[in-house]
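Coordinate inspection notes
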Amino acid sequence: MAWGDDDDKRPDMDEGEEELDEADYKTQKDAVLFAIDVSPSMLQQPAATESKKADKDSAIAAALKCAYQFMQQRIIAQPKDMMGILLFGTEKSRFRDETGGRSGSGYPHCYLFTHLDVPTAEDVKSLRALVEEGEDPDEVLVPAKEPASMANVLFCANQVFTTNAANFGSRRLFIITDNDSPHGKDKAANSSAAVRAKDLYDLGVVIELFPISHGGQTFDMSKFYDDIVYRDLAAEADSPEGVKTSKSGDGISLLNSLISNINSKQAPKRAYFSNLHFELAPNLTISVKGYLPLHRQQPARTCYVWLGGEQAQLAQSETIKVDSTTRTVDKSEVKKAYKFGGEYIHFKPEEAASLKNFGGKVLRLIGFKPRSLLPMWASVKKSTFIFPSEEQYVGSTRVFSALWQKLLEADKVGIAWFVARENANPVMVAIIPSRAMDDESSETPYLPAGLWLYPLPFADDVRTVDLAMPPRTPDELTDKMRTIVQNLHLPKAMYNPLKYPNPSLQWHYKVLQAMALDEDTPEKLDDATIPKYRQIDKRVGGYLAEWKELLAEKASAVMKSRALKREAEDDQGEGVSKRTKAAPKRADKGQLSNAQLKAALEQDTLKKMTVAELKDVLASKGISAVGKKAELLERLEQWIEETM
Amino acid sequence: MADKEATVYVVDLGESMADCHNGRDESDLDFAMRYVWDKISTTVAAGRKTWTVGVVGLNTEETDNAQDNEGLEGYEHISVLQEIGPMTMSSLRHLRSSIQPSHTHGGDAISAIVVALDMIETFTKKLKYNRKIILVTNGMSPIDDELSEDVANRLNECNVELVVIGVDFDDPDYGFKEEDKSRSKANNEKILRKLVEQCNNGIFGTMQQAVEELAIPRIKPVRPFKAYDGPLTLGDPEKYQSALSIHVERYFKTKRAMAPPASTVVINPERGGASQSQTLDEDTEMGGTEFSGVKHMRSYRVDDPDAPGGKRDVEFEDLAKGYQYGRTVVPFSDSDLSVTKLETTKSFTILGFIPMSSYSKFINMGETGIIVAQKYNEEAELGLSALIHALHEVESYAVARYVQKDGTQPQILLLKPNPGIEDNFECLYDVPLPFAEDVRSYQFPPLDKVLTVTGNVVKEHRLLPSDDLKQAVSDFVDAMDLSGFDSDEEGKAVEYAPIDELYNPVIHRINQAIRDRAVNPDAPIRPPADILLRFSKPPEKLIHKAKSEIDALIDAAEIKKVPAKAQGRRGRKEPVKPLSGLDIDALLGETKRTTISSDNAVPEFKQILATASDDSTIESAVKQMGEIVRKLIHDSFANLNYARAAENLRVMREELIALELPGLYNKYLTGLKKSILSGELDGDRREMWFKHIIAGHLGLISQDESEVSEVTTEEAKAFAT
C-alpha cells in the first residue's frame, strides 16, 4: 500500500504479474467504441406509471447512462484503456472536426460524440451534461429523416480504430440498437454492411451487440445482425456466449438490464498465460490458459506535472543509469550481483539465469488431498484461474471437465508444482474447483466455473507465533454468543464482494474527479464497508447487553481465582507463573503488560531495565529496538504515553 | 532483532587432515570445511554486525595464542587465525588462505578449546550473548584429558555451548561406525565424547551427518510482529450501549519470504586493484570490490510540438505532483495531496457473519493474520474465547472491516475460528477478501454442457467427458491420493508434502549459490539440491502404484497433440463466417480486390492473401502494403502514425509467416531499415525503428519462427541492433 509514494520500490522479484507472454507483443490495451442508435423509437419516453420500478428512461438515455458509467469505471480500473462514443442515425454528422482531416460529409448521419481515446475530464463532463441534465445544445440527439447506412457506420468505426487504436490488443465495437432490421429487404445495403463487418473482423475488431427490445417484441438476429456478428476471437472454439437482449419488465428497468449486460463485457478478457502444459501424469498432458479474475486494485500513483505552459502537462520521466563517476552506463555493462559480507558477489548473466531455472513453465500435478487437509491459515497470495484450451492438445476440455466434476464431488484438491512463465518462481499450489455461476450451492456466484491455482505458503513463509493460548471449554458465554452469531448473518448469508466497493479507491477518484471537473470536493463518502450499526443494535442489542453482563461477572471471578492462586504460589515461594501480574522477574520483562509499563513509567522505574530487556519489550510492541539505551527509553516512554 | 552471537571455530589442520579416508576422494580437511564454510558463510550472508566469529587452528606449524605467550605449557601448535569479530567478505578471503593442512600433529584439542573459551570470555565479558565453540577434527592427534572436567565446568560457568563434529567418528544414533579404527583415534573420540557429556549444553556428532544435513534448507526465524493492538468491536461502542468491544492483538501468521534482491552493478570505474576500498552507501563500507553500484538519474520531458522531436526537457524544480484522471492531469499542491486519501481511524469491527459453507479459499487475496486476546486481560480472554467457540459450533466465519492504524486503507478480513482442539492454540485466523473493484467479470462457457448457437443444451459432445472418461478420472484421483502416502519414523501413514516440508526453491538455491561463490569464487554453480526439487514431480512410488489407473485414463482421454504447424498454412485456412454462416467472400467474388487502400489496409491485405491463388498476387499485395507503411512513416507528424505503421507491419509479418514466405518480409524490412536510418523518410525516424519495430518484435523472421527462413537467429539479433 504505497500510494502517493513515489519511492515505492519493493524488491519483489515475481511481481511482474501482469506481464504477458513474450510472444504476445501487441500492446495489451483495450479500446471500446460505443455505437448508439439515435432513432425515434430509441428516443421514445416510457409511459408514465405510478409504479416505482417502472422505467423512467428512454432507450437512448439508458444507453448513454451505461456509457457514462462505463467511462467512469474505466478511468478507475483501466486508466490506460480507450473509449469513444459514436452516435448513428443522427441528423447531424461529425467525424474528426478537430484535426481537420476529413469533413463530416464522409460519414453522413454518424456523429462521433466522444473521440476514441483515454477519456479526459472534458469528455466526462460533456457526456454527463447530456446524460444527467439532458443538455443537448448541439442538438445531436435529433434523428435523421432517413436511417444511416450500416455499412457506413461500420466503416466509420473501422477508421476510428485504425487511426486511434492502431495496435491495441483488444478492440471492441459495442452496438446498442433496438432496430433488428435497419435496411429491411434492401439486399445491396445488407450485403455491403456484411462486407464492412468482415473488414472489421479482419482488422481484429470484435463486434458486441446489445439489442434492446420494447414491449415484448423479440429482437430477431436473423434479419440482419447474424451477418454482422462473429464469434469472439479470444473465446474457445464452440463456445458461443450468446447475445443477450435488454428489456424492461420483471421488476428490472431497461437501464439495469442494459448495465448488467454491458458490465459483463467491461473488462477485456486478458490471459495471464496461455498454452501452459498441465501434466496430470507422465504421458498425460493437456493445455490450459490462465487468468487473473481477482486482482487488488490500487489508486494510481502520483505523477509529475509541468505547470509552465497554458495547460497542466504530464512530465514523462526518463532514467539513465550512471556509475559513481556519473558516467552514463551502457546496458551491456550492467551486471547483477548480490551484497554479501560487505561486497558484491557476482554471477555471469547465464549463471544468474540458470539460478532461477527450475525446468521451465509447467503445471505438474503431484497428487490429490481432501480439501480439509489444507490448514485454514495457509494463505499467502491471490489465486489464478485456469480454463482448458484445445489449441495444443485436442481433448483437453473433456479431461479438464471430468477432473473439475470429480474434485467437486469428492471435495478434493490437487497439489501441483507451478511455474507460470519461463523464469517465473516456482510455487506449490492447491488446485481448487469453483462451481458454476448458476449453481445454487456456489460459494462464488460472481466468479466463473473452473479450477483455481491457490498458492500454498512455503515453510519459509510461516511465522511462528509463540503465545500461550490454551483452549478453554465452552460455557454459557459461548451459548449466548451463538445466538448473536446466528442472528447477524450478512445478506444472502454470504460475502459478496460486489456489494463492497473499496472506500479508499472510491474516495480517491471521487476527489480526483471533482478536482478534474473543477467542482467542489465531496464532503463524505457513502462507505458500504461500515457496519450497519443501527441494525446490529436492533437485531442483537438485547443479547449483547446480557452477554456483556455475564462476561464481566465471569471475568472478575477468574481474576479473583488467579489472584488467590498467585498468593498461594508466592507463599510457597515457588517460581512465579508466566501470567502473573505482580512484580515480574527480570527475565520476564519482555512480557510486561501495558498496565505494568504504565505503572513503571509513573514510578520512574523504567530506566532500571537493562538494554536487553528494553529491546525485548520494544520488539514485542512492534517498535524499532535499535539504538542506545536513552533512545530506547525515550521511545518506550513515548509509546506508553500515546497508547495509554 | 536477533540475539548477539559469539562463535569460535576450532579447526584441526594437522597433517593427517590432508589425507583422504573411507573411500572419499576429498581430504578430511576439505570434507570438514564443507561444514565449516557453510556455517561461516551463512553468518556472513546474514550481514549482522552482532554475529561474531573467531577461528582457532589446531595442529598448526606455528604457535600463536595468549596462553602460550604467557608461558603456559601444552598450548603448542595452536594458532588464533582470526580474533572474534564481525565476519565480512575480506575476513573470509583472508581465512581461506590460512586454512591449509600443516605438516605437524602436536596440538592438543582440549587446549585449543581453552584458547577459544578464553577468547570468548574476553570478548563477550558479562554481556548477553549466545556463546558457542565448534570443534572439527579427525581425532588423530593425541589429547590430554587430565583437565577435561575443569574445562567442562568452565564452559558451563560461562554458558558456552560446545559442539564437537568429528570426521568418521562413530555415531550409533545416526548409524555410522568406522571399521578398523585406530586405537588412538578411538581413545580420542572417547575423551571428546566424555567432555561433551559433561557440558550442560553440548553436541557430539559425526561429520557425515553434519554434511548431509547441510542440504536441508535453514529457515530464517522472524520474530512475530504485532500489527494491531486494540479493540475488536461488534456494533459502535460510541453510539450504542449494547456494542461489544474485545481487546485483541493481531500478528502475522504468514508473510511471503523473499529471495535476496540482486543489485545492479558495473565494473568499478575507479578500479585500482582489489585492495582499494570505496564507499557505496553512506554507512556501508564496501571493501576491496571490483564492482560498484549503479545510480539512476532522472530527466523529465514534456510534449512540445515546436521542439525538435516533439519533446523538450523541463527542470525538476518546475514540476508539481499530481494525479491522472483519464487523460487529464490534475496538479495538486503538496498540502492538497492528502485530500485524496481517505481519512480513517484505527479500528477493527465486525460487519456480520457467514456460514462456512458459503466461502471458498480461492477468493483469499493475501497473507494470513492471527488474532489473540490481549495479555493479562481476563475479559478479553473470555470474550474472544466465547466468540471463537461460538463461531466454531455454528460453523460460521465473521467478516470484519480492519484499519491497521489511523490513515491506512480499510481492508475486509474474514475471521476464522481455531478452537485449538488439535494444536492447543486458541485463536482467530484472518485472511483479506476482495472488494468490488478487485473482481473482473470474465465470461467462460460452462464446463458440464455445451450451448449451441441456437441456444440448445447438448450433454454429449467431444468437449464433454463420456461416462468412461469420468470414471477413469475418478479412479485416477482416488489412486493418486497423498493424504496417507508418506510415513513417519514409526511407519505410521502421514500426509505427503505438508507445508512444513515445502521449501522455497528460489530462496535456498540463490543463498546456497552466493555462499558457494563467496567461499570458492572459481567453482561453477551447483545444480539445485534434490530436496528443493522433491515436490516438482509426483513421487515415483505413487506413479508406480497408480499405474493401471493412469494407463486407463490415458486410454479414455484420447488426447491428441496438435502438430506444431497445423495452424494457418496456405490453402488450409477455413473461411471465417459470421453467425449466419454467410459466405462474405462470395459476396466479394465479383469485385475481387487487387488493390489495397491505405484507409482499410489491414482487412484488404488479409482478404487478398486469403484468396490469392498465385505468388505474384501475394508479391503485389506485399509491395502495396510496404508502400503504405513507408508513406505512413514519411507523412507522420512526429510519431503520430508510427503505431499504425507498426500494426500494418505486424499483420504483414504474421501473414507471411503463415504463408511460409518469410523471405518477402525480410527483404522488405531490410530495405525499410536502410530508408529509416538514412533519413530518407522525411527526417529522423529512428524512434519508429527502435521503439516500434525492434521493441515490438517486428525484426527479421528467423529460422526459429519459420523453418524456411534463410535468416539465422544470430543474424536476426545482429540486424536488430
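What counts and how
- Residues numbered from 1 in each chain as written.
- Chains lettered and ligands numbered in written order.
- Predicted model: local features only at pLDDT ≥ 70, side-chain atom pairs only at ≥ 80, totals over all residues.
- UniProt positions renumbered as here; feature names shortened; annotations may be inferred.
- Buried ≥ 20, exposed ≤ 12 C-beta atoms within 10 Å, placed from the backbone.
- Helix = DSSP H or I, 4+ residues; strand = E, 2+ residues; numbered from the N terminus.
- Axes fitted to C-alpha atoms, helices over the stretch in contact; angles between N-to-C directions.
- Parallel < 35°, antiparallel > 145°, perpendicular 65-115°, else oblique.
- Left-handed = near helix turned anticlockwise from the far one by under 90°.
- Contact = placed C-beta atoms within 7 Å.
- Nonpolar A, V, L, I, M, F, W, Y, C, P; charged D, E, K, R; others polar.
- Pairing = 2+ DSSP bridges.
- Domains from an automatic or database assignment.

- As annotated in an unreviewed UniProt entry, chain B is ATP-dependent DNA helicase II subunit 2 from Corynascus novoguineensis.
- Within the UniProt record for chain B, the comment given under Catalytic activity (unreviewed entry) is "ATP + H2O = ADP + phosphate + H(+)".
- What UniProt states about chain B under its Sequence similarities (unreviewed entry) heading is, verbatim, "Belongs to the ku80 family."

- The name that an unreviewed UniProt entry assigns to chain A is ATP-dependent DNA helicase II subunit 1, with the source organism given as Corynascus novoguineensis.
- Regarding chain A, the relevant UniProt record gives this comment under Sequence similarities (unreviewed entry): "Belongs to the ku70 family."
- Taken verbatim from the UniProt record of chain A, the Catalytic activity (unreviewed entry) comment is "ATP + H2O = ADP + phosphate + H(+)".

Some details on unusual backbone geometry
All names here are of chain B.
- Located in the positive-phi region is N59, a residue other than glycine, with phi close to 65°.
- Using a count of 28 C-beta atoms within 10 Å as the deciding quantity, one classes N59 as buried.
- Phi at N159 takes a positive value of approximately 65°, unusual for a residue other than glycine.
- Its location among the elements puts N159 in the loop between α5 (148-157) and β5 (160-166).

Quick look at the packing of helix α4 (residues 109-124) of chain B against α5 of chain B
All names here are of chain B.
- Two elements in contact, α4 and α5, have axes whose closest approach is 11 Å; the angle formed by their N-to-C orientations is 25°. In terms of their interaxial angle, α4 and α5 are classed as roughly parallel. Handedness of the crossing formed by α4 with α5: left-handed. For the pair α4 and α5, the contacting residues are I110, I113, V114 and L117 in the first and S148, V151, R154 and L155 in the second.
- Taken together, the residues of the contact of α4 with α5 sort by class into six nonpolar, one polar and one charged.

Examining the UniProt feature "domain: Ku" (unreviewed entry) in chain B
- Per the UniProt entry, the sites bearing "domain: Ku" (unreviewed entry) are residues 311-450 of chain B in this numbering.
- When the span residues 311-450 of chain B is considered, its composition is 11% helix and 38% strand, and the gap between its end C-alpha atoms is 55 Å.

Some details on the interface of chain A and chain B
- Tallying the contact residues gives 224 residues for chain A and 220 residues for chain B.
- In terms of residue class, the side of chain A that touches chain B is built from 125 nonpolar, 55 polar and 44 charged.
- Where strand β8 (residues 303-306) of chain A lies against strand β15 (residues 319-325) of chain B, four bridges are found, and the strand directions are antiparallel. Note that in β15 of chain B the partner of C303 of chain A across the bridge is G322 of chain B.

Re the domain arrangement of chain B
- Each assigned domain of chain B is listed here: domain 1 (5-213) and domain 2 (584-719).
- With centres defined by C-alpha atoms, the gap from domain 1 of chain B to domain 2 of chain B works out at 72 Å.

A closer look at the sheet that holds strand β9 (residues 313-314) of chain A
- Ordered by their spatial adjacency, four strands build an open sheet running β9(A)-β8(A)-β15(B)-β16(B), and the pairing between neighbours is antiparallel. Each end of this open sheet is capped by a strand with a single partner; those strands are β9 of chain A together with β16 (328-332) of chain B.
- Of the pairings in the sheet, the one linking β8 of chain A to β9 of chain A comprises two bridges and is antiparallel in character. For V305 of chain A, the partnering residue across the bridge sits in β9 of chain A and is L314 of chain A.

Overview of the sheet that holds strand β12 (residues 343-346) of chain A
- What the four strands build is an open sheet, ordered β12(A)-β11(A)-β9(B)-β12(B); its pairing is antiparallel. Each edge of the open sheet carries a strand with a single partner, namely β12 of chain A together with β12 (291-293) of chain B. Across the sheet, the mean angle separating the axes of adjacent strands is 55° when strand polarity is ignored.
- Bridge count between strand β9 (residues 263-267) of chain B and β12 of chain B: three bridges; the pairing is antiparallel. Its bridge partner being in β12 of chain B, V266 of chain B is matched across the sheet by S292 of chain B.

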